[in-house]
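Structure assessment
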Amino acid sequence: MEYGKLNINVVSTRDNRPVEDATIRITNENEPEQTIEQADTNSEGMLHDIELEAPPLEYSMNPSANKPYSEYTLYISAPGFETVEIGGAEIFSGETAIQNISLLPSERTEPDSAELYVIPDHTLWGDYPPKIAEDEIKPVTDSGEIVLSRVVIPEYIIVHDGPPSDSGAKDYYVKYKDYIKNVASSEIYSTWSEATIQANVLAIQSFTLNRVYTEWYRNKGYNFTITSSTAYDHKWIPNRNIFSSISRVVDELFSNYLSRPNVQQPLLTQYCDGKNISCPDWLSQWGSKTLGDQGYTAIEILRNYYGDSIYINETTEISGIPSSYPGAPLRVGSSGDKVRQMQRQLNVVSNAYPRIPKVTEDGIFGPKTEDAVKTFQRVFGLTPDGIVGFATWYKISEIYVAVSRIAELN
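Residues numbered from 1 in each chain as written. Predicted model: local features only at pLDDT ≥ 70, side-chain atom pairs only at ≥ 80, totals over all residues. Heavy atoms only, no water.

Here we look at helix α6 (residues 337–352)
Keep this limit in mind: Here a helix means four or more residues in a row that DSSP labels H or I, a strand means two or more in a row labelled E, and each is numbered from the N terminus. To estimate how far a helix should reach, multiply one less than its number of residues by 1.5 Å. Burial classification: accessible surface area is computed with a 1.4 Å probe over protein chains only, and a residue below 20% of its type maximum counts as buried, one above 50% as exposed, and the rest as partly exposed. Whether two residues are in contact is decided by their heavy atoms, any of which lying within 4.5 Å being enough.
Helix length check: α6, at 16 residues, gives a terminal C-alpha distance of 24 Å against a target of 22 Å (1.5 Å per residue), a fit within 8%. Those residues of α6 that fall on the buried side of the exposure criterion are V339, Q341, M342, Q343, Q345, L346, N347, V349, S350 and A352. Against the buried residues of α6 lie α7 (367–379) and α8 (390–404).

Focus on the environment of A78
Secondary-structure assignment places A78 in the loop between β5 (70–77) and β6 (84–91). Its relative accessible area of 8% is what places A78 among the buried residues. Considered as a pair, A78 and D40 are 38 residues apart in the sequence and their alpha carbons are 9.2 Å apart. Ignoring any residue separated from it by four or fewer positions in sequence, one finds A78 in contact with V19, A22 and L103.

Digging into the packing of aromatic side chains
Basically, it comes down to this: What counts as a ring pair is set by centres within 6.5 Å for rings of Phe, Tyr and Trp (its six-membered ring), and what kind of pair is set by the plane angle: stacked under 30 degrees, edge-to-face over 60, tilted for all other angles.
Inspection of the entire model under this criterion finds 16 aromatic pairs. Considering the side-chain rings of W192 and W286, the 5.0 Å spacing of their centres and the 55° angle between planes classify their relative orientation as tilted. Placement of W192 in the loop between α1 (176–187) and α2 (194–214) and of W286 in helix α4 (residues 285–293) is noted, with a sequence separation of 94 residues between them. According to the relative accessible area criterion, W192 is buried, its value standing at 4%. Considering the side-chain rings of Y217 and F224, the 5.2 Å spacing of their centres and the 45° angle between planes classify their relative orientation as tilted. The same class applies to Y217 and to F224, which are both buried. Aromatic ring contacts, followed pair by pair, group Y69, F92, Y189, W192, F243 and W286 into a single cluster.

Re the packing of α2 against helix α3 (residues 244–253)
To be explicit about the condition: Helix axes use the C-alpha atoms of the stretch in contact, all axes being lines fitted to C-alpha atoms, and the angles between their N-to-C directions lie in the range 0 to 180 degrees. The cut-offs work like this: below 35 degrees is roughly parallel, past 145 is roughly antiparallel, 65 to 115 is roughly perpendicular, and the gaps in between are oblique. Should the near helix be turned anticlockwise from the far one by less than a right angle, the crossing is left-handed, and should it be turned clockwise, the crossing is right-handed.
Where α2 meets α3, the axes come as close as 10 Å, and the angle between the chain directions of the two elements is 55°. Relative to α3, the element α2 is oriented oblique. In this structure, α2 meets α3 at a crossing whose hand is right-handed. Residues E194, I197, Q198, V201, L202 and Q205 of α2 pack against S245, I246, V249, V250, E252 and L253 of α3.

Quick word on the confidence of the model for the protein
Regions with low pLDDT should not have their predicted coordinates read in detail. Defined as follows: Every residue is assigned a pLDDT by the predictor, reflecting its confidence on a scale from 0 to 100.
Residues of the protein with pLDDT of at least 70 account for 96%, and the chain-wide mean is 94. In this model, residues 406–410 is a region of pLDDT below 50 whose contacts with residues beyond four sequence positions or in other chains number 8 contacts.

Here's the deal with the nonpolar core
In globular proteins that are soluble, nonpolar side chains generally tend to be buried together. The criterion, for reference: What we call a nonpolar core is a set of buried Ala, Val, Leu, Ile, Met, Phe, Trp, Tyr and Cys residues that are connected through their side-chain atoms within 4.5 Å.
Of all hydrophobic cores here, the largest spans 106 residues; its most connected members are M342 and Y353. Considering each element in turn, this core owes the most residues, 11 residues, to α2. Look past the residues within four positions of Y353 in its chain and what remains in contact with it is V11, N16, P18, E44, M46, V379, F380, I399 and V403.

Structure representation (structure tokens):
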């Protein structure tokens, strides 16, 4: 028997603070009446390392007639909050799935009926419409359309949960990194090599930032950034679980996108699965998996499909954060205003996550600050090395903004 792990993180929609003593009940999709696991979240709103059965790893390593993941139903309830039920949470062998839940405060004293979310099939397993081909570079210079003056990582994007023409589909405000993690977890398998995951994440990010940069849908009279339709954009699923291997890659690469020489806009990097659908000029997801297994790097995988002129670009324009990354990692021995700012943010975060020790806001990165950083990294699934590199800096900023609510959605 093979197993995967599930981590559950519960916060309140009111202030993004953790919900302690939320009860989590887990059942198998095939036996909905039988509870497999039931436990409460800790003071940080977390319940981690739940072991659940999963199909053999090999099912996800090649196109197979066997579903490569098991599915579970999660019931999340807490006093003073609306109950949530999530069906179809995916567990892969050897992988850690992450289920983030925001509970809506409730005035009801009696148990309420659960708000239900059903996670549909993964795109590599289910039946979804293929991408309608578009030009990878949009002819905006002579069109009179409005475009951004530079490539910006938005704090939020608005996802239309359906095709563009479906006026009844709901629009969701989603944090940019959360959107990328959700799409990647919906469209590739977390069991694949890191280089393959990196290549696919870069393609997803570049496509998304092209939609942002060109204001593609707003120029067509819509009030959203992107859709959840695979025929037009990517598959995004409300409240689906993500995977730690994918989450780590996005945290490290979220400011990157793909470019060609002398072209300012990110490329609209389209792709297909390479099994049910063939796309000779685009990235093949299964093909990228094969190349990753052969030792290709992410950029080598991408150039195999999009050509040798493609390169990885980066923007420092990142919305919704107090201050940009200092350009080099902060560690024991570092000092200055950036260290002081990081210490101040950690102290605010520790008010909501008390396991993180308070530090003196003196601008000196000493052993106590290192200890606080390591604890923060453990709590939020980062490598606990005590060094504030790119991923840790922006994760501290992200959690700080969430719990202090200094960045309100306009």
